[in-house]
Amino acid sequence: MTGQTLIHLQDVSKRFVKGKDTITIFDHLGLTIPVGDFVAVMGPSGSGKTTLLNLLGGIDQPTEGAITFDGARVDTLTEGQLARWRAHNVGFIFQFYNLMPTLSAARNVELPLLLTSFGRAERRRRVEAALSLVGLAERASHYPREMSGGQQQRVAIARALISDPKLLLCDEPTGDLDRATADEILAMLQLLNREMGKTIVMVTHDPEAAKYARRTLHLDKGRFTERDLVA
Amino acid sequence: MRVFNEIAVVTVICIKSIPQRFWASLSTVVAVGLVVTVLLAFLAMAAGFQQTLRGTGAKDMAILMRAGAQAELNSGVSRDQARLIEEAPGVLKGPDGKPLVSPELYVIVDAVKKSALPDDGNMKKAPKSNVTLRGLGPAGIAVRPGLKIVEGRRFTPGTNELMVGRALQKDFVGMNLGDTVKLGNASWVVVGVFELDGSVFESELWADTPVVQDLFHRQNVFQSIRARLTSPDALLALKDYAANDPQLKLDVTTEADYYAQQASRTSDLIQKLGWPLAIAMAFGALAGALNTMYSSVAARAQEIATLRCIGFSGTSSFLGTLAESLVLSLAGGILGALVTWAAFDGLTASTLSGTTFSQIVFTFRLTPAVALQGVILALIVGFVGGFFPAWRAARIPIVEAYGTP
Ligand SMILES: Nc1ncnc2c1ncn2[C@@H]1O[C@H](COP(=O)(O)OP(=O)(O)O)[C@@H](O)[C@H]1O
Ligand SMILES: [Mg+2]
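Quantities reported herein were computed from a predicted structural model and do not represent experimental measurements. (Residues numbered from 1 in each chain as written. Chains lettered and ligands numbered in written order. Predicted model: local features only at pLDDT ≥ 70, side-chain atom pairs only at ≥ 80, totals over all residues. Heavy atoms only, no water.)

K.L.:
Go over the overall build of chain A with me, naming the residues and quoting the values.
P.N.:
Summing up its helical and strand segments, chain A has seven helices and ten strands in all. For chain A, whose C-alpha radius of gyration is 18 Å, the value lies close to the compact-globule estimate of 17 Å for 231 residues. The C-alpha extent of chain A, read off along each of the three principal axes, is 50 × 40 × 40 Å. Within chain A, residue pairs in contact and separated by at least 24 positions form 72% of the contacts whose partners lie at least 6 positions apart. (Helix = DSSP H or I, 4+ residues; strand = E, 2+ residues; numbered from the N terminus. Rg over C-alpha atoms; globule rule 2.2 N^0.38 Å. Contact = heavy atoms within 4.5 Å.)

Here it is in structure tokens:
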């Protein structure tokens, strides 16, 4: 870790209006994530973990406050600008993998590259490299239904990595997997963090999973109750 | 190029997901297919009808009827008028030097369609249809050089003998060579079957003028005069001649124009029945298409949100969903065209012609232009049925990507 800041949340509030009620999820929240960090976010259901990832990933906007990424504001971008920003800077990994069931593993991994100017040959080369990285080079032409949960999640990791983003956001990436498979995936995330310098924010319920991270944040009622800012 | 890749892959994802909603998708295809089949059946009928009537008229054959009569049925001309036309300019003369002018009688008689015959074969109980009995003399045959006697022979003048058009013979009961036919109060014998270039005349019965006049009490009266012209341009001379003679208050047109006008009136009518019915049904198919596409969008909500997460635009989801709907409706359109083609193309039917009040036998024709209209209607249903669901697809919140499957 370089100590340089990748993400900074300053006085971020997030409220949802539901009918007459306004639910406050975050009230003047602050957070700094340095480049190369691997943060586990834990907390009870409904504490706002997913909402936090949405804000970090630019798929939701704060009601108040500022979010900077690599020194630039992202909370002021338009929807179209955000889409492009996400394509370049963020890789998403979901609990249920979210692969396209009608596309092969290789075509799934290729998706983010279709938003770049790479030609067909270059795309294929990169897809092969990403699939080898997650140990699925032989499965390129397989469809999601022909793969185990762990394999599908590895395809999803390859998809998240393919456009070489600085930040990986994982929402319960092992929530649907057995212990052994979960450990494989977590080891892979740890490798990506240590060897490739990817900054990772991972939401999890599993204390074992959190051990793979450099630090753990506990979220409760919209606040971090325990902060370990030492990397 | 980038935008194209993006839209192409979302379209592929949408179209490949069709089998996941197989039955809903199939029902949309079938509903659209049904609409197109109904429309095309009407349009093929109109096209076939038009083709038969259009094929009837010759440009160098004048037809003369009482002024304002519009159709042979309403017309009356006298023997004297016919004689005056024999002396008119522009009228072609036959090899024997006689002008090719044929005064003709036009009588509506009853006959039974094969399709209307009851199961027990009892002719008396069967509903009757109107058919045309044309009375003509030797000149009537001389003015129609395309006439082919395909069975038997011509009628002998002065006898109760009939010639039957090929189409009528196929479509009606008891019109074969040697059959006895009761028309009015007299019995007639079929002695010949003729073809005449697939024209409406093939839906007629022909007999000798004096016999028809006698049996139907129409002495010295005809309905029309056919006159073969030296050339199509000679019509003008004939018209001038008729206009300058107060005894000749007749409308003069070419047979081609006369039948073309009749064709467009009746086929307009068929189309005016077909389109509203098809459009009413199209609304039903549209409801089905909307339903299918909304459920498709709902089923793919997480996929769409995931793509948006990755950075795909709402536009690509919109176009992909629209493409899915268009593919389904196009399949329906093609299905409808194929069904129409298999079930109706070449099918012979007869219908009451609006202006002649007698049956005209014609063949359904599914021409490419007609089929195209069906496919276009299908695509309109697909476009509207896909548009609103596609709009919804484009607005699915990205946060749905986290939703449980
Ligand atoms: N789009 C939304 N509209 C209204 N309420 C929401 C919305 N998204 C989340 N919430 C609410 O915010 C709270 C936190 O949700 P979430 O971030 O999903 O929690 P967690 O992931 O920690 O379980 C919940 O009470 C949830 O109902
Ligand atoms: Mg959550």
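So, next bit.
K.L.:
Can you break down the confidence of the model for chain B residue by residue, with the values?
P.N.:
On average, residues of chain B score 88 in pLDDT, and 97% of them reach the 70 mark or higher. Across the interfaces of the predicted complex, the ipTM metric reaches 0.92, alongside a pTM of 0.76. (pLDDT = per-residue confidence, 0-100.)

K.L.:
Break down the packing of helix 2 (residues 79-89) of chain A against helix 9 (residues 301-310) of chain B for me, with residues and values.
P.N.:
Interhelical geometry of helix 2 of chain A versus helix 9 of chain B gives an angle of 80° and a closest axis separation of 7 Å. With respect to helix 9 of chain B, the axis of helix 2 of chain A lies roughly perpendicular. Of the residues in helix 9 of chain B, those in contact with Glu79, Arg86 and Ala87 of chain A of helix 2 of chain A are Arg308, Cys309 and Ile310 of chain B. The residue inventory of the contact of helix 2 of chain A with helix 9 of chain B, partitioned by class, reads three nonpolar, no polar and three charged. (Axes fitted to C-alpha atoms, helices over the stretch in contact; angles between N-to-C directions. Parallel < 35°, antiparallel > 145°, perpendicular 65-115°, else oblique. Nonpolar A, V, L, I, M, F, W, Y, C, P; charged D, E, K, R; others polar.)

K.L.:
Please set out the sheet that holds strand 2 (residues 21-34) of chain A residue by residue, giving values where relevant.
P.N.:
Ordered by their spatial adjacency, four strands build an open sheet running 2-1-4-5 (chain A), and the pairing between neighbours is antiparallel. What marks the edges here is a single partner per strand, and that holds for strand 2 and strand 5 (72-73) of chain A. (Pairing = 2+ DSSP bridges.)

K.L.:
Which residues make up the pattern of salt bridges, and what values go with them?
P.N.:
The tally for this structure, following the rule as stated, stands at 29 salt bridges over all chains. Residue arginine 308 of chain B pairs with glutamate 79 of chain A through a salt bridge whose shortest N-O separation is 2.9 Å. You can see arginine 308 of chain B sitting in helix 9 and its partner glutamate 79 of chain A sitting in helix 2, one on each of two chains. The exposure class assigned to arginine 308 of chain B is buried, which follows from its relative accessible area of 7%. (Salt bridge = Lys/Arg side-chain N within 4 Å of Asp/Glu carboxyl O. Buried < 20%, exposed > 50% of the residue type's maximum accessible area, 1.4 Å probe, protein only.)

K.L.:
Hey, could you go over helix 1 (residues 49-56) of chain A for me, with residue numbers and the actual values?
P.N.:
Residues and elements named next belong to chain A. Summarising burial for helix 1: seven of the eight residues are buried, a large majority. For helix 1, the set of buried residues is Lys49, Thr51, Leu52, Leu53, Asn54, Leu55 and Leu56. After helix 1 finishes, the residue glycine 58 shows a positive phi value of roughly 70°.

K.L.:
Give me the lowdown on empty space enclosed by the protein, citing residues and values where you can.
P.N.:
Under the defined criterion, the tally for this structure stands at four cavities of 30 Å³ or more. Of the voids in this model, the largest cavity is the one considered here, and its volume is about 100 Å³. Lining the largest cavity we find Ala87, Val90, Gly91, Phe92, Phe94, Pro112, Arg159, Ala160 and Ser163 of chain A together with Thr306, Cys309 and Ile310 of chain B. Of all the secondary-structure elements, those providing two or more residues to the lining of the largest cavity are strand 6 (90-93) and helix 5 (149-161) of chain A together with helix 9 of chain B. Its residues placed into classes, the lining of the largest cavity shows eight nonpolar, three polar and one charged. (1 Å grid on protein atoms, 1.4 Å probe; cavity = no way out; pocket = protein on both sides within 12 Å on 5 of 7 lines; lining within 4 Å. Points joined across faces, edges and corners; volume = space filled by probe spheres on them.)

K.L.:
Can you break down the side chain of asparagine 54 of chain A residue by residue, with the values?
P.N.:
Within the secondary structure, asparagine 54 of chain A is located in helix 1. In contact with asparagine 54 of chain A, other than residues within four places in its own chain, are Ile59 and Asp60 of chain A together with Val399 and Tyr402 of chain B.

K.L.:
Break down the interface of chain A and chain B for me, citing the residues and quoting the values.
P.N.:
Each side of the interface is counted separately: chain A has 27 residues, and chain B has 25 residues. Summed over both partners, the interface of chain A with chain B buries about 2,400 Å², with 66% contributed by carbon and sulfur atoms. Applying the counting rule to chain A against chain B returns one salt bridge. The interface formed by chain A and chain B contains six residue pairs in polar contact (both at pLDDT 80 or more). Residue assignment for the side of chain A that touches chain B shows that the elements contributing at least two residues are helix 1 and helix 2 of chain A. Counting residues per element, the side of chain A that touches chain B draws most heavily on helix 2 of chain A, which supplies four residues. Considered class by class, the residues forming the side of chain A that touches chain B number 15 nonpolar, six polar and six charged. (Buried area = accessible area lost by both parts, 1.4 Å probe. Polar contact = N/O pair within 3.5 Å; in protein donor to acceptor, adjacent residues only side chain to side chain.)

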